[in-house]
Amino acid sequence: MRGITAFSAVAALWLASTGTGMAAPSLTVLCGVDEMWCAAMKTAYEAKSGHEISVTRKSTGDILNQIRAEKAAPTVDVWWGGTGDTHLQAGSENLLEPYQPAHERDMLPWAQNFFAMSGGRSAGIYAGALGFAYNADLLRQLKLPAPTCWKDLTDTAYRGRIQSGNPNSSGTAFTTLATLVQLFGEDEAFRYLAALNRNIERYTPSGSAPIKAAARGETLIGISFMHDAVTQKQAGFPLVIVAPCEGTGYEIGAVSIVKGAKNIEEAKRFVDFALSPEGQGTGAASGQNQVPSNAKSSLPLAAPDISMIKMVDYDFDTFGSPEERSRLLRRFDAEIAATN
């Protein structure tokens, strides 16, 4: 707990420093992972390169929207972290620059497949399974049953006691939406979401916010990636982490160079570092528990064993297309968000 708290203080100092009037950075990065990992990566890359960089943390959907809006005059060089299907969407819109990274041959098979699927525009840096977690102390106080499946979350016992991300801004929440469609079929998935919606206290902009709220006892159940729940559990919070009985989806977090990047050579060096064992080690060093993509990287000791979890055969091609994303989000807004 003390280590996480100390690193949180460092992250807070880093976040405060990003807006100060310092010299122009050699690289501008939008970061889609936890703030603590953003801060650790900034520090590690600056120490490695000797160059000052700017790193700003945003939710994945917000990053995609910014890169779209700035297509004619990008202010960002690198998009690091966040769910891979949104990177694929950006690539299909010609918003990303192809690059063959130095460590591509060291990547695990799932990362090599993702790189090929992206047309060489995005490289996988980590993987993680989707799930949910509940606060065991709060569950005991409320004398409620422990959920083990997706469909358990529609029980009226959990009315107003669940948080999930908003898929318009959160890559985590869009992965949830796409996962449920693949598990149940689209119409059944939206019937499920309508039932779940009655129990949702709020849809958060960030995908990790629900699990942090559950950890603090602000809500009972948070839907998020399991590695985010592990990080909170390691910090001493009373979370029970659930891999849903029906099966679940997963993310491949990615790194991409923005098309038209002003600092293209520095961007390539950053991508190489992000795919190296040293760069990927910044995740575990900052308390993160994703599975790294480089076969030579060390696996965080508490990382969920995704080989033991019942997974859907996630269709990145379909759910990584801008048309499918836009269509599903329109339906979500019309049928689910509008009634919350």
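Thresholds, definitions, all that
Numbers given for residues are sequential positions, taken from 1 along each chain in its written order. Residue-level local features of this predicted model are given only where pLDDT is at least 70; pairs of side-chain atoms are given and counted only at 80 or more, and the full residue set underlies all totals for whole chains, interfaces and linings. Water and hydrogen atoms were dropped before computing side-chain values, which therefore reflect all heavy atoms in the structure. Every helix listed is a DSSP run of H or I at least four residues long, and every strand listed is a run of E at least two residues long, numbered separately from the N terminus. With C-alpha atoms as the basis for the radius of gyration, the globule rule is written as 2.2 Å multiplied by the number of residues raised to the power 0.38. Throughout, exposure labels follow a simple rule: accessible area from a 1.4 Å probe, protein chains only, divided by the maximum for the residue type, with under 20% read as buried, over 50% as exposed, and the rest as partly exposed. Only heavy atoms matter for contacts: two residues are in contact if any of them lie within 4.5 Å across the pair. Calculation of accessible area relied on Shrake-Rupley with a 1.4 Å probe; when residues are assessed, cover is drawn exclusively from the protein chains displayed. Positive charges are assigned to Lys and Arg, negative charges to Asp and Glu, while His and the chain termini are left out of the count. In this description, the location of a charge corresponds to atom NZ of lysine, CZ of arginine, CG of aspartate or CD of glutamate. How far each domain reaches was decided by an automatic or database domain assignment. Buried area counts how much accessible surface, traced with a 1.4 Å probe, disappears from two parts once they are put together, with both parts' losses summed. A residue's pLDDT is simply how confident the predictor is in it, with values from 0 to 100. One side-chain nitrogen of Lys or Arg within 4 Å of one carboxyl oxygen of Asp or Glu is enough to make a salt bridge.

- Under an unreviewed UniProt entry, the name given to the protein is Iron(III) transport system substrate-binding protein, and the source organism is Rhizobium lentis.

**Let's talk about the overall build of the protein**
Consideration 1: Scanning the protein from N- to C-terminus turns up 14 helices and 11 strands.
Consideration 2: Over its C-alpha trace the protein gives a radius of gyration of 19 Å, about what one expects of a compact globule, namely 20 Å for 340 residues.
Consideration 3: A burial count over the protein gives 56% of its 340 residues as buried.
Consideration 4: Sequence separation of at least 24 residues holds for 78% of the intrachain contacts in the protein that already meet a minimum separation of 6.
Consideration 5: Entry remark: accessible area of the protein is about 13700 Å², with carbon and sulfur atoms responsible for 53%.
Consideration 6: Side-chain charges in the protein split into 30 positive and 35 negative, and the spacing between the mean points of these groups amounts to 3 Å.

**Describing the domain arrangement of the protein**
Consideration 1: Annotation of the protein at the domain level lists domain 1 (2-128 + 251-301) and domain 2 (130-249 + 321-339).
Consideration 2: Computed from C-alpha coordinates alone, the two centres of domain 1 and domain 2 are separated by 25 Å.
Consideration 3: Here domain 1 and domain 2 share an interface that buries about 1600 Å² over both sides, 48% of which is from carbon and sulfur atoms.
Consideration 4: On the domain 1 side of the contact with domain 2, Gln-89, Glu-251 and Asn-289 bury the most area, a combined 29% of that side's loss.

**Points about the environment of Leu-177**
Consideration 1: Summarising the element assignment, Leu-177 is placed in helix 7 (residues 171-184).
Consideration 2: In the structure, Leu-177 is positioned 30 residues away from Gly-207 in sequence and 12 Å away in space, judged by C-alpha atoms.
Consideration 3: Those residues within four positions of Leu-177 in sequence are excluded, and the remaining contacts are Pro-167, Phe-190, Leu-193, Leu-328, Leu-329 and Phe-332.

**Considerations on the confidence of the model for the protein**
Consideration 1: Counting all residues, the mean pLDDT for the protein is 93, and 93% of those residues have values of 70 or more.
Consideration 2: Taken as a whole, residues 1-21 scores under 50 in pLDDT and shows 23 contacts with residues more than four places along the chain or in a different chain.

**Quick look at the pattern of salt bridges**
Consideration 1: This model, assessed by the stated rule, comprises 17 salt bridges.
Consideration 2: Residue Lys-48 pairs with Glu-278 through a salt bridge whose shortest N-O separation is 3.2 Å. Pair noted here: Lys-48 is in helix 2 (residues 35-49) and Glu-278 is in helix 12 (residues 277-285), with a separation of 230 residues, a long-range link.
Consideration 3: Judged by relative accessible area, which is 54%, Lys-48 ranks as exposed.
Consideration 4: For Glu-278, a relative accessible area of 45% gives the class partly exposed.
Consideration 5: One salt bridge in this structure joins Glu-265 and Lys-268, with 3.6 Å as the shortest N-O distance. Within this pair, Glu-265 and its partner Lys-268 are both found in helix 11 (residues 264-275), separated by three residues, close to a single helical turn.
Consideration 6: For Lys-268, a relative accessible area of 25% translates into the label partly exposed.
Consideration 7: Here the salt bridges do not stand alone but share partners, grouping Glu-186, Asp-187, Glu-324, Arg-327, Arg-331 and Glu-335 into one network.

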